[in-house]
Amino acid sequence: MDEYFPWMDMKEAIQAIIAPSGVRLEDLEKNPAGVFYATKKFKSYEESGFRTPSGKVELYCERLKALNQDPMPVYREEVPLTEQYPLILVTGLRYQEYVHSQHRNIHALRMLQPEPFLYVNPETAKCYGVNEGEESLLETKNGSLKVKIKLDKYIHPKVVGMSHGWSEANVNLLTDWAEADPLSGFPNLKRIPCNIRKTLR
């Protein structure tokens, strides 16, 4: 596969990736804190326009129309809630100690944020009989997992939220690739019908 991977080692590959910037890998090796690249220019669109075919802000998108998609933003009732799954699960919440799903294996970070939580509005928790710090069952049509409750008055009463990246409570197992966005292919991570309940001990 030399045609697609013509580099002899990792350094050559990295140099090929950063070549368009004009920065050389050896410069970065000599300056691990980084090198000056360019001054950020704000409001460049005032001179060059936006990166659209017209150069203007486009609410009507010709590219989407060409793909037989709605060229204008359209409201759709996204989450059909049912008696079995009356809440909306939002995944991908972030902890400042970690980067996405990384670094759960670093002891010092685990000391700061040792375990995952399901964030629930206090009123919702009361309705479902779950309490702060209590292990509960989070269920979707794709499965279930046990996770402790963290009360959060800022989360909407119809929504519960959880971080990803935890091997002991892998919330990605509750998502569904079949419901991916038809245009981008992005999986449904933010609008998953779910339920919560006390676990039986």
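Novice: Account for the environment of K153, naming residues and giving values.
Specialist: Looking at the secondary structure, you find K153 in the loop between β4 (143-151) and β5 (159-163). Each C-alpha atom, one on K153 and one on T124, is 9.8 Å from the other, the two residues being 29 residues apart in sequence. Setting aside residues no more than four positions away along its own chain, K153 makes contact with N121 and P122.

Novice: How would you summarise the pairing of strand β6 (residues 192-198) if you had to cite specific residues and measurements?
Specialist: Within β6, five of the seven residues are buried, leaving the element largely enclosed by the surrounding structure. In this structure, strand β1 (residues 87-93) lies alongside β6, joined through three bridges in antiparallel fashion. For L87, the partnering residue across the bridge sits in β6 and is C194. Examined bridge by bridge, strand β3 (residues 135-140) and β6 share four bridges and lie antiparallel to one another. Paired with L137 across the two strands is R197, which belongs to β6.

Novice: Would you mind going over the nonpolar core in detail, with residue names and values included?
Specialist: Formed by 18 residues in total, the largest nonpolar core has its most connected members in L89, L118, L138, L145, V160 and M162. Contributing elements (two or more residues each) for this core: β1, β2 (117-120), β4, β5 and β6. The contacts of V160, once residues within four sequence positions are left out, are L87, I88, L89, V90, L118, Y119, V120, L138, I155 and C194. Ranked by size, the runner-up nonpolar core spans eleven residues in total, among them Y95, L109, F117 and V159.

Novice: Outline unusual backbone geometry, listing residues and values.
Specialist: Even without a glycine there, the phi angle at K43 is positive, about 60°. Relative to the elements of secondary structure, K43 occurs in the loop between α2 (25-30) and α3 (45-48). Even without a glycine there, the phi angle at N68 is positive, about 60°. Topologically, N68 is positioned in the loop between α4 (62-66) and β1.

How each quantity is defined
Residues numbered from 1 in each chain as written. Predicted model: local features only at pLDDT ≥ 70, side-chain atom pairs only at ≥ 80, totals over all residues. Heavy atoms only, no water. Helix = DSSP H or I, 4+ residues; strand = E, 2+ residues; numbered from the N terminus. Contact = heavy atoms within 4.5 Å. Buried < 20%, exposed > 50% of the residue type's maximum accessible area, 1.4 Å probe, protein only. Pairing = 2+ DSSP bridges. Core = buried A, V, L, I, M, F, W, Y, C linked by side-chain atoms within 4.5 Å.

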